[in-house]
Amino acid sequence: MSGHERLEVGSVITVERSFVVGLPLDELVAYLEDFSRTEEWDPGTVRCVRLDEGPVRPGARWRNTSRFRGRTTHLEYRLAAREPSRLMFIGENKTVTATDDLGFEAESASLTRLNYRASLRFKGLARLASPFLRAEFERLGDEVAERLPTAATQRRP
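Residues numbered from 1 in each chain as written. Predicted model: local features only at pLDDT ≥ 70, side-chain atom pairs only at ≥ 80, totals over all residues. Heavy atoms only, no water.

Some points on the side chain of D101
Position of D101 among the secondary structure elements: in strand β7 (residues 96-106). Setting aside anything within four residues of it in sequence, one finds D101 in contact with R86, L87, M88, N115, Y116 and R117. (Helix = DSSP H or I, 4+ residues; strand = E, 2+ residues; numbered from the N terminus. Contact = heavy atoms within 4.5 Å.)

Have a look at this one:
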């Protein structure tokens, strides 16, 4: 996978980025498994709050508030998969299902390659807007690739 790919099928927009973060694999996974930290690295996230308690494990839930094109939207995310080198979060509301799939590969003892894939599947009438939103989601993907490495290394788990 190259560092800048896009797949589009019908009412789905998928943005992929691959980049290196200056943390060991297990530390980067520990940092990113708490989805409330999207406030630190996702330019669209205004607020993200954990809805349940206890250790972060599959089924953990968060309420994410994002701002996109001047509008505020809320999605409820859950941790769908937690593996040693993969995290998957799925967020939903009435107009979209968002999937953040994060794959991790150790580049060295202190560097990890993050393969980040965000997919948005639009529902109902929102499907009609998806072709017009792709460029903006590509820009957000670029901003994530720029911000996440710094956020993760500044705030170690």
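Back to the text.
Overview of helix α1 (residues 25-32)
Structural remark: α-helix, 3.6 residues per turn; residues separated by three or four positions point the same way. Those residues of α1 that sit buried are L25, L28, V29, Y31 and L32. Burial along α1 is one-sided: seen end-on, the buried residues are contained in an arc of 160°. (Buried < 20%, exposed > 50% of the residue type's maximum accessible area, 1.4 Å probe, protein only. Arc of directions from axis to C-beta.)

Side note on the packing of aromatic side chains
Under the criterion given, the structure shown has 6 aromatic pairs. Consider the rings of W41 and Y116, whose centres lie 6.0 Å apart with planes at 90°: the pair is edge-to-face. Taken together, the residues W41 in helix α2 (residues 38-41) and Y116 in strand β8 (residues 112-122) connect sequence positions 75 residues apart. Each member of the pair W41 and Y116 is classed as buried. (Phe/Tyr/Trp six-rings, centres within 6.5 Å; stacked < 30°, edge-to-face > 60°.)

Notes on the pattern of salt bridges
Counted according to the given criterion, the structure contains 11 salt bridges. R82 is paired through a salt bridge with E33; the nearest N and O atoms lie 2.6 Å apart. Of this pair, R82 sits in strand β5 (residues 71-83) while E33 sits in the loop between α1 and α2, placing them 49 residues apart in sequence. Exposure remark for E33: the relative accessible area of 15% places this residue in the buried category. The salt bridge partner of E92 is K123, with a shortest N-O separation of 2.9 Å. In this pair, E92 sits in strand β6 (residues 86-92) while K123 sits in the loop between β8 and α3 (130-154), placing the two residues 31 residues apart along the sequence. (Salt bridge = Lys/Arg side-chain N within 4 Å of Asp/Glu carboxyl O.)

A few points about the pairing of β5
Sheet analysis places strand β4 (residues 61-68) next to β5, joined by 8 bridges and oriented antiparallel. Along β5, the bridge assignment pairs R67 with T72. Linking β4 back to β5 in an antiparallel pair, the connection comprises 2 residues, with R69 at a positive phi of about 55°. Judged from the 7 bridges that link them, β5 and β6 form a sheet pairing that is antiparallel. Paired with L79 across the strands is F89, a residue of β6. In this structure, the hairpin formed by β5 and β6 is closed by a connection of 2 residues. (Pairing = 2+ DSSP bridges.)

Considering the environment of W41
Residue W41 is classed as buried on the basis of its relative accessible area of 3%. For the pair W41 and V144, spaced 103 residues apart in sequence, the C-alpha to C-alpha distance is 6.2 Å. Among residues more than four places away in sequence, those in contact with W41 are Y31, L32, Y116, V144, R147, L148 and A151.

Digging into the confidence of the model for the protein chain
As a general rule, the predicted coordinates of low-pLDDT regions are not to be interpreted in detail. Taken as a whole, the protein chain shows an average pLDDT of 88; of its residues, 87% reach a score of 70 or greater. Considering only residues more than four positions removed or in separate chains, one finds that residues 1-9, a stretch of pLDDT under 50, has 25 contacts. (pLDDT = per-residue confidence, 0-100.)

Re the environment of L102
Residue position: L102 is located in strand β7. On the basis of relative accessibility, which here comes to 2%, the residue L102 falls in the buried class.

Overview of the side chain of S66
Along the chain, the position of S66 falls in strand β4. Looking at S66, its side chain comes within polar contact range of the side chain of N64, at 2.6 Å. Residue contacts for S66: discarding those within four places in its chain leaves G44, T45, V46, R71, T72 and T73. (Polar contact = N/O pair within 3.5 Å; in protein donor to acceptor, adjacent residues only side chain to side chain.)

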